[in-house]
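# Coordinate analysis (summary)
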Amino acid sequence: MERGKGQTPREILHERGLRYSRPREVILGYFSERDTHVSAEELYLELKRRGEALSLSTVYLNLGVLKNAGLVREFAGVSGEALYDSNVGPHHHLICKGCGAILDLPELTVAHLPLKTFLKQRAESDSGWQIDEPNLDLLGLCPACQRAQEGACEPRQATP
Ligand SMILES: [Zn+2]
Ligand SMILES: [Zn+2]
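Note that the structure is predicted; figures quoted are calculated from it, not measured.

Parameters at a glance
Residues numbered from 1 in each chain as written. Chains lettered and ligands numbered in written order. Predicted model: local features only at pLDDT ≥ 70, side-chain atom pairs only at ≥ 80, totals over all residues. Helix = DSSP H or I, 4+ residues; strand = E, 2+ residues; numbered from the N terminus. Expected span 1.5 Å × (residues − 1). Contact = placed C-beta atoms within 7 Å. Buried ≥ 20, exposed ≤ 12 C-beta atoms within 10 Å, placed from the backbone. Pairing = 2+ DSSP bridges. Axes fitted to C-alpha atoms, helices over the stretch in contact; angles between N-to-C directions. Parallel < 35°, antiparallel > 145°, perpendicular 65-115°, else oblique.

Think of an α-helix as 3.6 residues a turn; residues three or four steps apart then line up on the same face. Taking 1.5 Å as the rise per residue, helix H4 (residues 56–68) with 13 residues should run 18 Å; its terminal C-alpha atoms sit 19 Å apart, in good agreement. Against the buried residues of H4 lie helix H2 (22–33), helix H3 (40–49) and strand E3 (82–85). Taken from the residues just after H4, Gly-70 is the one with a positive phi, measuring 80 degrees.

When you line up the elements, Glu-46 lands in helix H3. The exposure class assigned to Glu-46 is partly exposed, which follows from the 14 C-beta atoms found within 10 Å. For the pair formed by Glu-46 and Arg-16, sequence separation is 30 residues and the distance between their alpha carbons is 28 Å.

A word on unusual backbone geometry. Even without being glycine, Ala-111 reaches a positive phi, approximately 50 degrees. Looking at the element boundaries, Ala-111 is found in the loop between strand E6 (109–110) and strand E7 (113–114). Even without being glycine, His-112 reaches a positive phi, approximately 65 degrees. Classification of His-112 as exposed rests on a count of 7 C-beta atoms within 10 Å.

This brings us to the sheet that holds strand E8 (residues 138–140). Read across the open sheet, the 3 strands follow the order E5-E4-E8; overall the sheet is mixed. The sheet terminates laterally at strand E5 (102–106) and E8, the two strands that pair on one side only. The sheet shows a mean angle of 25 degrees between the axes of neighbouring strands, taken without regard to direction. Examined bridge by bridge, strand E4 (residues 91–96) and E8 share 3 bridges and lie parallel to one another. When the sheet's bridge partners are listed, Leu-94 is paired in E8 with Leu-138.

Further remarks concern the packing of H2 against H3. Where H2 meets H3, the closest approach of the two axes is 11 Å, and the angle between their N-to-C directions is 100 degrees. Judged on the interaxial angle alone, H3 and H2 are roughly perpendicular. Facing Val-26, Ile-27 and Tyr-30 of H2, the residues of H3 in contact are Leu-43, Glu-46 and Leu-47.

The pairing of strands in a sheet comes from backbone hydrogen bonds and takes either a parallel or an antiparallel form. Taken together, 3 strands build an open sheet; the order of strands is E1-E3-E2 and the sheet is antiparallel. Each edge of the open sheet carries a strand with a single partner, namely strand E1 (37–38) and strand E2 (73–76). With 2 bridges connecting them, E1 and E3 associate as antiparallel partners. Looking across to E3, one finds that His-37 is bridged to Asp-85.

Keep in mind these numbers describe shape, not what the thing actually does.
Structure follows, in structure tokens:
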């Protein structure tokens, strides 16, 4: 994972006048072990299982700090719930409506531009609006849920 100028998380936090506190160290340690997408609650429960005495509100608070420092990325899961990602490099998420599974998809490009940049520039020049960074996570059905759906006797409603 690319971090600006090879800085460590500690250096990035210090640069912003933030402490590399125990909760931040524990949370970043968890994220550095694996590429994962977790909610604050899931992270809280996992850390608790490991014997870390962090409250849920401490986990929330520090995820927010780490997000603002660019060390974790927040995005919306299948029900709009906030999820956190250790991979802050450019990528899209494929999110399964059936089971909530999330797959990282490498960033797509159009006309040699990242798709997000292309969309933003195009929308701004067409409308005169100032556009925020577009969210290009895609909802769909993972292969397992497609198979489950094909195997089902009754056709399922396609409502979200
Ligand atoms: Zn699925
Ligand atoms: Zn991701």
